[in-house]
Amino acid sequence: MKKNFSVSTALWTLTIKEIRRFLRIWVQTLVPPAVTMSLYFVIFGSLIGPRIGSMDGFDYIQFMIPGLIMLSVITNSYNNVVSSFYSVKFQKSIEELLISPMPNWVILLGFVLGGVARGILIGCIVFCVSLIFYPDFTVANPPLTILVLVLTAVLFSLMGFINAVFADSFDDISIIPTFILTPLIYLGGVFYSINILPDMWRNISMANPMLYVVNTFREGMLGVSDVSIYFALGMIFSFIGILTGSCLYLLNKGTGIRQ
Amino acid sequence: MAFALEITDLKKTYPGGVEALKGISFAVNEGDFYALLGPNGAGKSSTIGIIGSLVTKSSGKVKIFDIDTDGNNEQAKMMLGVVSQEINFSQFEKVIDIVVTQAGFYGISKSEALPRVESIFKRLGLWDKKDVQARTLSGGYKRRLMIAKALVHEPKLLILDEPTAGVDIELRREMWTFLKEINKNGTTIILTTHYLEEAEQLCRNIGIIDGGKIVANTGMKDLLGSLNVQGYVFDLDSPLSEAPEIEGFPLKLEDPLTLIAAVNKDRSINALFEKLSEKGIKVKSMRNESNRLEELFIEMVKK
Ligand SMILES: Nc1ncnc2c1ncn2[C@@H]1O[C@H](COP(=O)(O)OP(=O)(O)OP(=O)(O)O)[C@@H](O)[C@H]1O
Ligand SMILES: [Mg+2]
C-alpha cells in the first residue's frame with residue numbers, strides 16, 4: 001500500500017501555523033511598529049521636519065515614509081523567522097518537522113512565507129499610519145513598490161533563518177539584529193539622502209547593502225533614488241539566491257538541528 | 001516475511017567523541033511487538049533518533065519496510081511513527097492544534113485529520129482536554145498527546161521511547177492495553193523500556209542493548225526461559241558498602257540498605273539466606289520484584 005504525500009498541504013500547514021503564531025501574539029508583533037512609527041512621524045515629521053526643509057525635493061516627512069516602512073519590514077521579517085525557528089529548535093518541536101516527509105525546501109519556504117506575511121502586513125500598517133500624518137501621499141510606481149516590498153521581506157526572512165540555525169541561546173538571536181542589522185539600516189538612508197553626506201561618508205555608505213533596499217523602495221514610492229535601480233534589484237536578487245542556497249545547504253547538513 | 005525495520009552495522013559518534021553506537025544490527029518482523037531493553041546511556045534513544053532522522057548516523061544502514069532511509073525517504077517516513085523520550089511539542093498551542101498540525105506535515109488536510117484525531121483522542125482519553133493549552137497538561141496526559149501525535153498519519157511501524165516512564169500504574173496498564181490493541185490490528189511496535197515486566201507483558205521479541213552494542217536479540221520466552229531467574233529485593237538491617245560475593249547468586253547493591261539478587265528458579269532461596277547470615281548480613285524484609293532485575297539481567301546475558 002502506497003500512501004502519497006501532499007507537499008502543498010504540508011507547506012500550507014506550516015505557513016498557516018507561522019502566520020497564526022504572530023497573529024496570536026499581536027500585541028508583541030503588530031502594535032509596537034505602529035506605535036513607534038507614529039512617534040517618528042510626530043517627532044521627525046511634524047515637529048522637526050518643517051525645520052529640516054526638503055530632502056531630494058520632497059517634504060521631509062514624505063521622504064521619510066518609504067524609509068520607515070522599509071525599517072519596519074526588515075526588522076519584522078527578520079525577527080519573525082529568527083524567533084519562530086529558534087523557539088521551534090528550543091522546544092524540540094523541530095522534531096515534528098524532521099520526522100515528517102516534508103523536504104527541506106518546504107520547511108524553509110514555510111518559515112520564509114511566515115516572515116514575508118508579517119513583513120508585508122507591518123508594511124501596510126505603517127503605510128496606513130503614515131497616511132494619517134501625510135494624507136496626500138501618492139505612490140509613484142506601485143508595481144515596483146510591491147516588488148521591492150516582497151523581495152525585502154524574503155531577503156530578511158532568509159537572514160533571520162540563518163541566524164536561528166546558528167543560534168544556541170536567546171542572546172544569539174538578539175545580537176545580530178541589535179549590533180549589525182539596526183545600525184546598517186539607520187545608516188542606510190532611512191532618514192536622509194546620502195547626497196547630503198561628505199564624499200568620504202557617501203562612498204562608505206555605498207558599501208552598505210541596506211542602502212540599495214531602502215533606495216529601490218524609495219524609487220518605487222517617490223520616484224527618486226540615490227543609486228541605480230537595476231543595479232540595486234540585481235543585488236537584491238543575487239543576495240536572495242545566495243542566501244537560499246546557504247539555508248538549504250545548512251538544512252541538508254543538519255547544522256544546528258540534527259545532532 | 002518482510003522486515004518492518006532492518007538495521008545493519010549502525011554506528012554513531014556524537015560531536016565531542018561519545019561513541020553511542022558501536023555497530024548494531026537487528027531486524028524486526030512485520031507485525032512484531034519488539035522490546036529494546038537497556039540501561040541508561042545504552043544507545044536506545046540514539047538508535048531511535050537515527051531511525052526517525054532526528055539524529056544523523058555516522059555509518060550503517062536503516063531500512064523501513066525495505067526502503068532505505070537514505071536519500072529520498074518520503075515513503076519510509078509515511079510508514080513510521082515515533083514517540084520520543086522527551087516532550088517535543090510547542091507548549092503554547094492547543095492540544096488539538098498540535099495533532100492536526102502534525103497531520104498537516106504529513107500532507108493530511110485538516111478535514112481529513114479531524115475525524116482521525118477525534119477517534120484517537122477518545123481512545124486515549126484526551127478528548128476532554130482537546131482545547132486546553134498543552135503546557136497545562138499533566139505529565140501523563142503529555143505522554144498521551146505524544147502518542148496521539150505519532151499515530152495521526154496511521155503509521156505501520158510505531159516506535160516508542162520509554163512511553164511509560166513516569167506514568168502511574170493505572171495509566172501504564174491502560175497504555176499496555178492500547179498498544180496491544182493497535183499491534184493486533186497490524187501495526188508493528190518497537191518500544192524501549194527499563195521495566196522487564198513491561199517487556200514481558202507486551203513483547204514477543206527482545207533486543208538487549210548495552211554500551212552501544214546489541215548483546216542479545218531473541219524471543220522473549222526463550223530469553224526468560226533460558227535465564228529462568230527470579231528477582232528479589234532485600235531490605236537490610238544495617239548498611240553495606242559493597243555487594244557481598246556469594247557463589248551462584250549474582251548480587252547487586254542498589255543503595256547501602258537495598259540488595260538485589262537474581263535467583264535461579266532451581267536453587268533454594270534458603271541457601272542464599274544461609275550464606276547471607278554467615279556473612280553477618282541481616283535481612284529485614286524481602287520482596288519479589290522482577291522489574292529491578294534489569295541490570296543484573298543484562299550482566300548475565302552478556303556472560
Ligand atoms: N546530543 C548528544 N551529544 C553527545 N552525546 C550524546 C548526545 N545524546 C546522547 N549522547 C550520549 O550517547 C550515549 C547514548 O545515549 P542515548 O540517549 O542513546 O541512551 P539511552 O539508551 O536512550 O539512555 P536512557 O535510558 O537514559 O534514555 C550516552 O552516553 C549519551 O551521553
Ligand atoms: Mg533514551
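Values in this document were obtained by computation on a predicted structure and should not be read as measured data.

**Student:** So what's going on with the overall build of chain A? Residues and values would help.
**Tutor:** For chain A, the count of helices and strands is eleven helices and two strands. On C-alpha atoms alone, chain A measures out to a radius of gyration of 19 Å, which is about the 18 Å that the 2.2 N^0.38 rule sets for 259 residues. Seen through its principal axes, chain A has C-alpha atoms that stretch 70 × 35 × 35 Å. Burial status across chain A gives 53% buried among its 259 residues. In chain A, the share of contacts with a sequence separation of at least 24, taken over all contacts with a separation of at least 6, comes to 80%. About 11300 Å² of surface is accessible on chain A, with carbon and sulfur atoms providing 69% of the total. Within chain A, the 12 negative side-chain charges are centred at a point lying 14 Å from the centre of the 14 positive side-chain charges.

**Student:** Before we move on, can you summarise the coordination of the magnesium ion (ligand 2) with the specific residues and values?
**Tutor:** Residue and element names in this part refer to chain B. Ligation of the magnesium ion (ligand 2) by protein atoms is provided by Ser45 (OG) and Gln85 (OE1), these donors lying 1.9 to 2.1 Å from the ion. With Ser45 in helix H1 (residues 44-51) and Gln85 in the loop between strand S6 (80-83) and helix H3 (95-105), the pair connects residues that are 40 residues apart, well separated along the chain. Using a relative accessible area of 31% as the deciding quantity, one classes Ser45 as partly exposed.

**Student:** Explain the site of ligand 1 to me, using residue names and the numbers behind them.
**Tutor:** Not every one of the 15 residues close to ligand 1 is listed here, only the nearest: Asn40, Gly41, Lys44, Ser45 and Ser46 of chain B. Among the chains of the assembly, those with residues near ligand 1 are chains A and B. Within the side chain of Lys44 of chain B, an N or O atom sits 2.7 Å from an oxygen atom of ligand 1. Against a free-state accessible area of 640 Å², the protein chains account for coverage of 68% of ligand 1.

**Student:** Tell me what's going on with the sheet that holds strand S12 (residues 251-255) of chain B, and back it up with residues and numbers.
**Tutor:** All names here are of chain B. The four strands are arranged S12-S13-S11-S14 in an open sheet whose pairing can be described as antiparallel. Only two strands of the sheet have a single partner each, and these edge strands are S12 and strand S14 (283-288). In this sheet, adjacent strand axes meet at a mean angle of 25° when their direction is disregarded.

**Student:** Pulling in residues and values, what's your account of the packing of aromatic side chains?
**Tutor:** By the definition in use, this model includes 15 aromatic pairs over all chains. Between the aromatic rings of Tyr186 of chain A and Phe191 of chain A, the centroid separation amounts to 5.5 Å while the plane-to-plane angle is 45°, which identifies the pairing as tilted. By relative accessible area, Tyr186 of chain A is classed as partly exposed at 31%. Classification of Phe191 of chain A as buried rests on a relative accessible area of 14%. Among the aromatic residues, those joined into a cluster by ring pairs are Tyr40, Phe44, Tyr186 and Phe191 of chain A. Over the face of the ring belonging to Tyr141 of chain B we find Lys129 of chain B, whose NZ or CZ atom lies 4.7 Å from the ring centre.

**Student:** Explain the domain arrangement of chain B residue by residue, including any values.
**Tutor:** According to the domain assignment, chain B consists of domain 1 (3-224) and domain 2 (227-302). Distance from the C-alpha centre of domain 1 of chain B to the C-alpha centre of domain 2 of chain B: 34 Å.

**Student:** Which residues make up the side chain of Thr164 of chain B, and what are the values?
**Tutor:** Residue and element names in this part refer to chain B. If you trace the backbone, Thr164 turns up in the loop between strand S7 (157-161) and helix H6 (169-184). Residue Thr164 is classed as buried on the basis of its relative accessible area, which comes to 2%. For Thr164, the side chain forms a polar contact with the side chain of Glu198, separated by 2.5 Å. Here Thr164 is in contact with Arg172, Met175, Trp176, Tyr195 and Glu198, once residues within four sequence places are set aside.

**Student:** Describe in detail the pattern of salt bridges, supporting the description with residues and values.
**Tutor:** Under the criterion given, the structure shown has 16 salt bridges over all chains. Residue Lys92 of chain A is joined to Glu95 of chain A by a salt bridge in which the shortest nitrogen-to-oxygen separation is 3.9 Å. Classification of Glu95 of chain A as buried rests on a relative accessible area of 14%. Where salt bridges share partners, they join Lys17 and Arg20 of chain A together with Glu93 of chain B into one cluster.

Conventions and cut-offs
- Counting of residues starts from 1 at the beginning of each chain's written sequence and follows it residue by residue.
- All chains are assigned letters beginning at A, and all ligands numbers beginning at 1, according to the order in which they are written.
- Whole-chain, interface and lining totals are the exception, using all residues; otherwise, since this is a predicted model, local features are given only for residues with pLDDT of at least 70 and side-chain atom pairs are given and counted only at 80 or more.
- Excluding hydrogens and water, the side-chain figures rest on all heavy atoms present in the structure.
- Helix and strand assignments follow DSSP, with helices taken as H or I runs no shorter than four residues and strands as E runs no shorter than two, numbered in order from the N terminus.
- In this treatment the radius of gyration is a C-alpha quantity, and the globule benchmark scales as 2.2 Å times the residue count to the 0.38 power.
- Only protein chains enter the accessibility calculation, which uses a 1.4 Å probe; a residue whose area is less than 20% of its type maximum is buried, one above 50% is exposed, and one in between is partly exposed.
- Here, two residues are considered to be in contact whenever any of their heavy atoms come within 4.5 Å of each other.
- Here, Shrake-Rupley sampling with a 1.4 Å probe gives the accessible areas, and only protein chains in the shown set may cover a residue.
- Under this rule, positive means Lys or Arg and negative means Asp or Glu; His and the chain ends count for nothing.
- Charge positions are represented by NZ for Lys, CZ for Arg, CG for Asp and CD for Glu.
- Listed donors are limited to N, O and S atoms within 2.8 Å of the metal, widened to 3.2 Å for Na, K and Ca; water is not among them, so incomplete-looking sites are possible.
- We define proximity as follows: a residue is near a molecule or strand when any one of its heavy atoms falls within 4 Å of that partner.
- Distance and chemistry together define a polar contact, namely a pair of N or O atoms within 3.5 Å, with one atom able to donate a hydrogen and the other to accept it when in protein, and with adjacent residues in sequence counting only for side-chain atoms on both sides.
- Paired strands, as defined in this entry, are two strands with at least two bridges between them according to DSSP.
- The axes used here are C-alpha line fits, helices contributing only the stretch in contact, and every angle between their N-to-C directions lies in the interval 0 to 180 degrees.
- Here is the rule: rings of Phe, Tyr and Trp (six-membered ring for Trp) pair when centre to centre is within 6.5 Å. Planes less than 30 degrees apart are stacked, more than 60 are edge-to-face, and the remainder are tilted.
- Placement of a positive charge over a ring is assigned whenever Lys NZ or Arg CZ falls within 6 Å of the ring centre and within 35 degrees of the normal to the ring plane.
- Where each domain starts and ends comes from a domain assignment, either automatic or drawn from a database.
- One side-chain nitrogen of Lys or Arg within 4 Å of one carboxyl oxygen of Asp or Glu is enough to make a salt bridge.

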